[in-house]
There are 2 protein chains.
Amino acid sequence: MGKIAIAIHGGAGTILSAEMTPEKEIAYKNALKEALSAGYIVLENGGSALDAVEQAVIILEDCPLFNAARGAVFNANGAHEMDASIMDGSNRDAGAVSGVDGIKNPVALARKVMEKTEHVLLMGEGAMEFAKTIGFPILEKDYFFDEFRYQQWLSIRDSDNFQLDHSIKKDQKYGTVGAVATDGEGNVAAATSTGGMTNKKFGRVGDSPIIGAGTYASNHTCAVSCTGSGEFFIKSVVAYDVSCLMEYKGLSLSEACMEAVQKRLKALGGDGGLVAVDPQGNICMEFNTPGMYRACKDSEGKEEILIYR
Amino acid sequence: MGKIAIAIHGGAGTILSAEMTPEKEIAYKNALKEALSAGYIVLENGGSALDAVEQAVIILEDCPLFNAARGAVFNANGAHEMDASIMDGSNRDAGAVSGVDGIKNPVALARKVMEKTEHVLLMGEGAMEFAKTIGFPILEKDYFFDEFRYQQWLSIRDSDNFQLDHSIKKDQKYGTVGAVATDGEGNVAAATSTGGMTNKKFGRVGDSPIIGAGTYASNHTCAVSCTGSGEFFIKSVVAYDVSCLMEYKGLSLSEACMEAVQKRLKALGGDGGLVAVDPQGNICMEFNTPGMYRACKDSEGKEEILIYR
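Residues numbered from 1 in each chain as written. Chains lettered and ligands numbered in written order. Predicted model: local features only at pLDDT ≥ 70, side-chain atom pairs only at ≥ 80, totals over all residues. Heavy atoms only, no water.

K.L.:
What should I look at first to understand the nonpolar core in this one?
P.N.:
In summary, soluble globular proteins display a tendency toward joint burial of nonpolar side chains. Val242(A), Leu274(A), Val242(B) and Leu274(B) are the most contacted members of the largest nonpolar core, which totals 98 residues. With residues up to four places along the chain from it excluded, the contact list for Val242(B) reads Cys222(B), Val224(B), Ala256(B), Cys257(B), Ala260(B) and Leu274(B). (Core = buried A, V, L, I, M, F, W, Y, C linked by side-chain atoms within 4.5 Å. Buried < 20%, exposed > 50% of the residue type's maximum accessible area, 1.4 Å probe, protein only. Contact = heavy atoms within 4.5 Å.)

Below you can see the structure in the form of C-alpha cells.
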C-alpha cells in the first residue's frame, strides 16, 4: 500500500486570531480533527480516496460551525440553497448538485448523481426530484436552523447586501468545506460543499458545484477542493488550473498551487484558497487570505490542524 | 485595426449528408450565413468581439432550426430549460444563466448577469427573477413552440430516454449554438447557448453555461465555444483546456484544439466539437463527430459555411 494522505478545509477569509475566543478556536479545531480522522480512517482501512473525501465532508456538513448543509447560511428568502460536488480521479467521474434544500448531506447526493445518472450537474427542483426518486430524506427546516445564522441574516435581509459567510463584517470569510485524499492505490479524489452566501439572491451559483472551478481530480495530476470568492474561482477555473500547471508546465503540486492561488487568482482579484493532494500523497494547503480552516494528515506522520496564516 | 475574425457553430453530431434534403441543407447554410454576417458586420464597423459574439448567437437563438432559445427542445415536463454563457477575453468577465424559460435571448440575459451583477452564474427561478427585475420580457410558450420538436418529445415522453437534440435516432446530435470572435483591437470573446436535451429530467445542466467547460475567453490565449456531450465536456474542462495547452504547453490554436478534442476529450469518451479564435485572428473549427454546423469569416478573405466533415 502506497502513502495515504488527506487534507480538508472549512473555508477561508479574514479569520483573525484577535477576533477569536479560545473556546471558539478549540471548537473549530475539534471539528476539523473529527472530519480529518473520519476520512483518514477510511484510507487506513484500505478504503478509496472517494469514500474518504465523502466521509470527511459529511462530518463537516453535519457541523453547524461551517457554512455547509447543517450550518448553511440563509438566502434572501430566508431559505437555504446548498451546492456540492465530488470527483473521482481514477476515472474522472463526477457528480454535483446546485440549489438544493433540506438535504442532510449534499455531498452524498452529488455522489449519487455521479453513480446513478449519466449527468454531472443537477440543479434546483430537478435535483430535489432526483433526491426524492432515490429515497433521500428531505429534512425539515429546523435541522438547518442556527440562531447565529438567523440573526446574521435578519441583520442584512432588508439590504441589498449579501455575505459570503457568517461574519457580520464585510463578506471576507468564505464558507465552504472540502476534502481531497490519496488512497493506498494512488487514486485521488476531491469533494466540496457549501451553503452559499448570506442573503444571496437570484439563484447565484458559486464555484463549489462546478467541476474545474471548485473541484477537480485526476490520477494523472492531483485532486483539488477550493474555497473563496466563487466568481473569481469560476473565471480562473482554479481547480483545473492547478492540474494543467502540473501536466502541461511540469510544476510540482506545491508550485502549481502557489502559482494558481498567489499569482493567477490574485491577479484577477480573487481571494481564497484550496487544499490539494497528488497521487504520491503530497499535500498542499494554499491560500491568499489571512486565514483558512484547514487540516491534513498522511501515513508518514504528518498531522496539522491550523486556522491562521 | 488588426485582423478581425469570427467563427460560429450550430451543434455537432451524427449529421450525415445521406439524411439531409437539399432544401434542409440550404436552410441551415442560410441560417449560418445570416448569423455569421451579423457578427462580422459588428467587427467590421469597429465593434467589440463581445458585441459580435452576442449578435451572432442572438441570430442563431432566433432561428428554429437550432436547439437554442426559439428552437429549444422540450424537457420531460414539456417545458423548456435553456442555458447560456458569455465571456469577455479582455478582462475575463463572464456571465451565465441556467434553466431559464420564456427568455427570447438567453445569451443577452447572460451578458446582463455579467454587467449588472457581481455574479457569474444565476440559475432557475432566481435567474428568472433577475430577468424580470431588469425588465426582460418573459415570452409566452407559443413563441418557442415548434411542431417538429413537440412530436419528437411526444415520441419519447413516456420513456426514460432523453435526446441531446432533435434526431429521433439515438442522441447523436448535440444541439447548441455558439460564437467566438477577434476584434480589431485584438480582444477575443466567446458565447454559447443551448436548449438542452429532449425529455431531460432532474434539472440537468450541461457544459454550455459553465465557464471553462463550454465557454472560455482570454486575450492571453483564445476564445472557445463548445458543443457536444456536455457531461464529458464538463469533466474534460474542454474550453479552458485549449487555453492551458496554448499558455502552458506552447501549442498553437489549431494544435491545442486538435489535442483537446481529438485526443483528450475522445479518450474520456466525449463526442462533439468547438469553434475557437486567438487574438491574432486565427480560426479553428474542430470536431470528432461526423458533422458540425459551422461557419467562419475573417478580414483576409476567408469564408466557410460547412456541415459535414
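Now that the structure has been shown, we can carry on.
K.L.:
I'm lost on the relation of the copies chain A and chain B in this one. Help?
P.N.:
Related by rotation about an axis and a shift along that axis, the two copies of the chain form a pair. Mapping chain A onto chain B is achieved by rotating through 180 degrees and translating by 0.0 Å along the same axis, at an RMSD of 0.0 Å. Here the two chains are linked by the operation of a two-fold rotation axis. Residues of chain A ranked by C-alpha distance from the rotation axis are headed by Tyr248(A), positioned 2.8 Å from it. A share of 100% of the interface residues of chain A reappears at the interface of chain B, consistent with the copies meeting face to face through the same patch. (Least-squares fit on C-alpha atoms with pLDDT ≥ 70 in both.)

K.L.:
Please explain the environment of Arg204(A) as it appears in this structure.
P.N.:
Residues and elements named next belong to chain A. In this structure, Arg204 sits in strand E8 (residues 204-205). Taking the relative accessible area as the measure of exposure, Arg204 reaches 5% and is therefore buried. In this structure, the C-alpha to C-alpha distance between Arg204 and Gly99, residues 105 residues apart in sequence, is 8.6 Å. Here the side chain of Arg204 touches Glu231 through a polar contact of 2.8 Å, side chain to side chain. (Helix = DSSP H or I, 4+ residues; strand = E, 2+ residues; numbered from the N terminus. Polar contact = N/O pair within 3.5 Å; in protein donor to acceptor, adjacent residues only side chain to side chain.)

K.L.:
What should I look at first to understand the sheet that holds strand E11 (residues 272-277) of chain A in this one?
P.N.:
What holds strands together in a sheet is hydrogen bonding between their backbones, with the strands either parallel or antiparallel. All names here are of chain A. The strand order E9-E10-E11-E12 describes an open sheet built from four strands, whose pairing is antiparallel. A single partner strand is all that each edge strand has here, and the edge strands are strand E9 (215-218) and strand E12 (283-287). Here the strands of the sheet are splayed against their neighbours by 10 degrees on average, with no regard to which way each runs. Sheet analysis places strand E10 (residues 222-228) next to E11, joined by six bridges and oriented antiparallel. Note that in E11 the partner of Cys226 across the bridge is Leu274. Against the sheet, helix H8 (residues 238-247) engages E9, E10 and E11, with an angle of about 145 degrees to E10. With respect to the sheet, helix H9 (residues 253-268) is in contact with E10, E11 and E12, its orientation differing from that of E12 by roughly 15 degrees. (Pairing = 2+ DSSP bridges. Axes fitted to C-alpha atoms, helices over the stretch in contact; angles between N-to-C directions.)

K.L.:
Is there a simple way to explain the packing of aromatic side chains in this structure?
P.N.:
To describe a pair of aromatic rings, one takes the distance between the centres and the angle between the planes. Under the definition given, this model contains 12 aromatic pairs over all chains. Ring centres of Phe130(A) and Phe202(B) lie 5.4 Å apart, and the angle between their planes is 65 degrees; this geometry places the pair in the edge-to-face category. One end of the pair, Phe130(A), is in helix H4 (residues 124-133); the other, Phe202(B), is in the loop between strand E7 (188-194) and strand E8 (204-205), on a second chain. The pair formed by Phe130(A) and Phe202(B) is uniform in burial state, with each residue classed as buried. An angle of 65 degrees between the planes, with centres 5.6 Å apart, marks the rings of Tyr28(B) and Phe66(B) as edge-to-face. Taken as a pair, Tyr28(B) in helix H1 (residues 22-44) and Phe66(B) in the loop between helix H2 (49-62) and strand E2 (82-88) lie far apart in primary sequence, 38 residues in all. By relative accessible area, Tyr28(B) is classed as buried at 2%. For Phe66(B), a relative accessible area of 1% translates into the label buried. Of the aromatic side chains, those joined through ring pairs into one cluster are Tyr28(A), Phe66(A) and Tyr293(A). (Phe/Tyr/Trp six-rings, centres within 6.5 Å; stacked < 30°, edge-to-face > 60°.)

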